[in-house]
Amino acid sequence: MIRRRLRTLTFLEWLPGGLMFPVVAPLLLERGVDPVQIGMIFAVHAIVSAGFELPAGLLADLYGRKPVALCGAITKTVGLGVLALGAGLGAMVAAGALIGASRAALSGTAESWFVDQASPAPEEVPRGLAGAEAGLGTGIASGALAGGLLPLAGPQAGISATAVPIALACALAAVHGIAIAVLMTGPPHRRTAGASPGNRAVFQHFGDTIRRPAVRAVLYAGCGAGMVAGALETLWPVSAIRLLGAQTAPTFYSVVIVCGMTLSAFAATYLTKIAQSFGPVRIVLILMIVAAVGCATLMPLASPVALAAAFVTFHAALAGSTPTTGGWLHSMVTDDHRASTVSAVALSGAIGAGIGATAVPAIAGTHGEWFAWVTVAGAFLLASLPLILRYGPRLVTPEIHSGA
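Caption draft 1: Highlighting the environment of L150. By the element assignment, L150 lies in the loop between α7 (124-149) and α8 (164-183). For the pair L150 and L168, spaced 18 residues apart in sequence, the C-alpha to C-alpha distance is 9.8 Å. Setting aside its immediate chain neighbours within four residues, L150 contacts L19, V164, P165 and L168.

Here's what the structure looks like:
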């Protein structure tokens with residue numbers, strides 16, 4: 001029951017994002033925002049999201065998962081409403097900032113709530129995280145499919161065709177808020193922080209946790225995965241436009257997102273079961289190698305099929321390994337700093353994405369795409385190996401801690 005709630009919450013969290021993917025750039029152009037300003041809006045979104053990531057996690061540890069998640073859903077609803085109905089650069093920047101803040105508030109809160117409730121049965125954690133990954137993939141895939149098709153129906157109720165998916169995403173963000181209020185029930189997590197004097201304990205325990213070598217290994221792995229993801233997000237659309245043209249590339253991107261996220265949902269569900277049966281360390285290592293080698297060998301090929309295969313391979317392999325590595329992380333932290341630790345992992349991924357988005361195109365411009373992709377894939381594997389080989393064998397049977 002609790003796993004089903006987490007999957008539903010994760011699906012509803014990511015469904016609006018899927019709706020946005022195919023239409024957000026055309027919508028901004030329609031609103032008179034030029035390509036340079038679009039980049040600025042995306043930068044504002046990324047900076048706000050990264051800046052609020054740790055504070056939101058600490059607030060969730062101090063005052064509860066549900067209040068922070070509700071604030072995130074409300075902020076997302078407002079941001080999407082501004083994006084759907086607003087006009088001018090100022091409104092679009094405000095929308096980007098609001099959506100970025102909501103992303104930080106929602107990052108890890110439902111997952112931490114789930115582990116709080118599942119702590120008496122630690123074997124449920126990887127299964128629940130697998131369901132959450134499946135919900136994420138299904139939400140993005142469903143949203144991207146609908147977001148690509150809805151504009152074909154033309155304007156609706158005075159809303160332009162490209163804004164219709166955003167308006168629907170706004171309504172679904174409100175539904176997500178209602179689902180948080182209804183589904184995130186159960187006893188509050190135990191914490192060492194109570195009144196103001198006790199709040200120091202959360203910060204102290206959080207610092208102690210981040211300094212643990214095994215937790216740092218999770219952060220390094222998250223940063224490495226973020227590097228590849230950032231490089232993909234930057235170079236993949238450019239390569240698609242170069243191969244297919246600006247008119248066809250967005251449709252191709254939508255189709256690949258739907259296929260990739262659908263396969264990721266299956267990978268998260270079934271590869272986690274395989275890992276529990278045949279050895280999580282072995283399976284996670286294989287998946288990390290597949291993700292890295294797939295990108296390094298397929299992305300430099302000037303072929304739409306290779307581009308699609310690289311995207312699908314990376315995201316499916318990552319989705320298949322994330323529930324297991326997430327279970328390892330939760331076995332090393334307690335409830336009173338669980339959300340902030342998950343936020344730290346998300347922040348490490350965002351830092352890695354920033355590195356990948358800037359460094360890989362620069363390396364490709366000077367040394368060629370093959371060298372650039374081999375470099376980032378090698379960095380990903382080097383960042384992940386300490387977690388898999390050194391700490392993974394100690395954590396194959398996690399014990400989830402519910403208190404300090």
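Next, the rest of the story.
Caption draft 2: How the structure looks around the environment of G79. With respect to the secondary-structure elements, G79 resides in helix α4 (residues 65-85). Taking relative accessible area as the criterion, G79 reaches 0% and is therefore assigned buried. Considered as a pair, G79 and A91 are twelve residues apart in the sequence and their alpha carbons are 9.4 Å apart. The contact partners of G79, leaving out residues within four places of it in the chain, are A95, L98 and I99.

Caption draft 3: Examining the packing of aromatic side chains more closely. Counted according to the given criterion, the structure contains four aromatic pairs. Residues W236 and F252 carry aromatic rings whose centres are separated by 5.5 Å and whose planes lie at 10 degrees to one another, so their mutual orientation is stacked. In this pair, W236 is assigned in helix α10 (residues 213-244) and F252 in helix α11 (residues 249-278), connecting sequence segments 16 residues apart. With a centroid separation of 6.4 Å and an interplanar angle of 70 degrees, the aromatic rings of F314 and F380 are classed as edge-to-face. Highlighted residues: F314 in helix α13 (residues 304-331) and F380 in helix α15 (residues 369-391), separated in sequence by 66 residues. You can call F380 buried: its relative accessible area is 0%. Members of the aromatic cluster, each reached through a chain of ring pairs, are W236, F252 and F311.

Caption draft 4: Geometry of α13. The end-to-end C-alpha distance of α13 is 41 Å, a good match for the 40 Å that 28 residues give at a rise of 1.5 Å each. A bend of about 35 degrees at T322 is the largest found in α13, and the proline P323 appears one to four places after it. Burial within α13 is extensive, with 21 of its 28 residues counted as buried. The backbone nitrogen of V305 has a side-chain oxygen 3.2 Å away, supplied by the residue at the start of α13, namely S303.

Caption draft 5: Expanded view of a nonpolar patch on the surface. Together, L145, L149 and L152 line one region of the surface with nonpolar side chains, adding up to about 330 Å² of accessible area. With respect to the helices and strands, L152 occurs in the loop between α7 and α8. A relative accessible area of 70% means that L152 is categorised as exposed.

Caption draft 6: Seen up close, the pattern of salt bridges. Counted by the stated rule, this structure contains five salt bridges. When the shortest N-O distance is used, the salt bridge between R103 and E13 registers 3.3 Å. Of this pair, R103 sits in helix α5 (residues 89-106) while E13 sits in helix α1 (residues 2-20), and the two are 90 residues apart along the sequence. Classification of E13 as buried rests on a relative accessible area of 10%. Ionic pairing is found between D61 and R65, a salt bridge with its closest N-O pair at 2.6 Å. As far as the burial class goes, D61 and R65 line up, both buried. Linked by salt bridges that have partners in common, D61, R65, D116 and R338 make up one network.

Caption draft 7: Structural view of the side chain of T324. With respect to the element layout, T324 can be found in helix α13. In this structure T324 touches A275, P280 and V284, once residues within four positions along its chain are discounted.

Caption draft 8: Representation of α15. For α15, with 23 residues, the first-to-last C-alpha span of 33 Å sits near the 33 Å given by 1.5 Å per residue. Approximately 40 degrees is the largest bend angle found in α15, and it occurs at S384, with the proline P386 only one to four residues beyond. Looking only at α15, the buried set comprises A372, W373, V376, A377, F380, A383, S384, L387, I388 and Y391. Tucked into the core, α15 has its buried residues touching α10, α12 (280-298), α13 and α14 (338-367).

Caption draft 9: Expanded view of the side chain of T162. Mapped onto the fold, T162 is located in the loop between α7 and α8. By relative accessible area, which is 16% here, T162 ends up buried. Within the structure, T162 has its side chain in polar contact with the side chain of E30 (distance 2.9 Å). When neighbours within four sequence positions are excluded, T162 is seen to be in contact with V23, P26, L27 and E30.

Caption draft 10: A look at the packing of α14 against α15. Running from amino to carboxyl end, α14 crosses α15 at an angle of 140 degrees, the nearest separation of the two axes being 7 Å. For the crossing formed where α14 meets α15, the hand is right-handed. Two secondary-structure elements touch here, α14 through V360, I363, A364 and H367 and α15 through E369, F371, A372, T375 and V376.

Caption draft 11: Structural view of the nonpolar core. One finds V228, L232, W236, M299, F314, W373 and F380 to be the most contacted residues of the largest nonpolar core, which totals 59 residues. Of all the elements in the fold, those that place two or more residues in this core are α7, α10, α11, α12, α13, α14 and α15. By residue number, the principal contributor to this core is α10, which donates 15 residues. Excluding anything up to four places from it in sequence, V228 contacts C295, F314, W373, V376 and F380. Residues I41, L80, L83 and I99 belong to the second largest nonpolar core, which totals 22 residues.

Conventions and cut-offs
- Residues numbered from 1 in each chain as written.
- Predicted model: local features only at pLDDT ≥ 70, side-chain atom pairs only at ≥ 80, totals over all residues.
- Heavy atoms only, no water.
- Helix = DSSP H or I, 4+ residues; strand = E, 2+ residues; numbered from the N terminus.
- Contact = heavy atoms within 4.5 Å.
- Buried < 20%, exposed > 50% of the residue type's maximum accessible area, 1.4 Å probe, protein only.
- Phe/Tyr/Trp six-rings, centres within 6.5 Å; stacked < 30°, edge-to-face > 60°.
- Expected span 1.5 Å × (residues − 1).
- Bend = angle between axes of the 7 residues up to and from the residue.
- Polar contact = N/O pair within 3.5 Å; in protein donor to acceptor, adjacent residues only side chain to side chain.
- Patch = residues over 30% accessible without salt bridge, like charges linked within 9 Å, V, L, I, M, F, W, Y side chains within 5 Å.
- Areas by Shrake-Rupley, 256 points an atom, 1.4 Å probe, with all protein chains shown as cover.
- Salt bridge = Lys/Arg side-chain N within 4 Å of Asp/Glu carboxyl O.
- Axes fitted to C-alpha atoms, helices over the stretch in contact; angles between N-to-C directions.
- Left-handed = near helix turned anticlockwise from the far one by under 90°.
- Core = buried A, V, L, I, M, F, W, Y, C linked by side-chain atoms within 4.5 Å.

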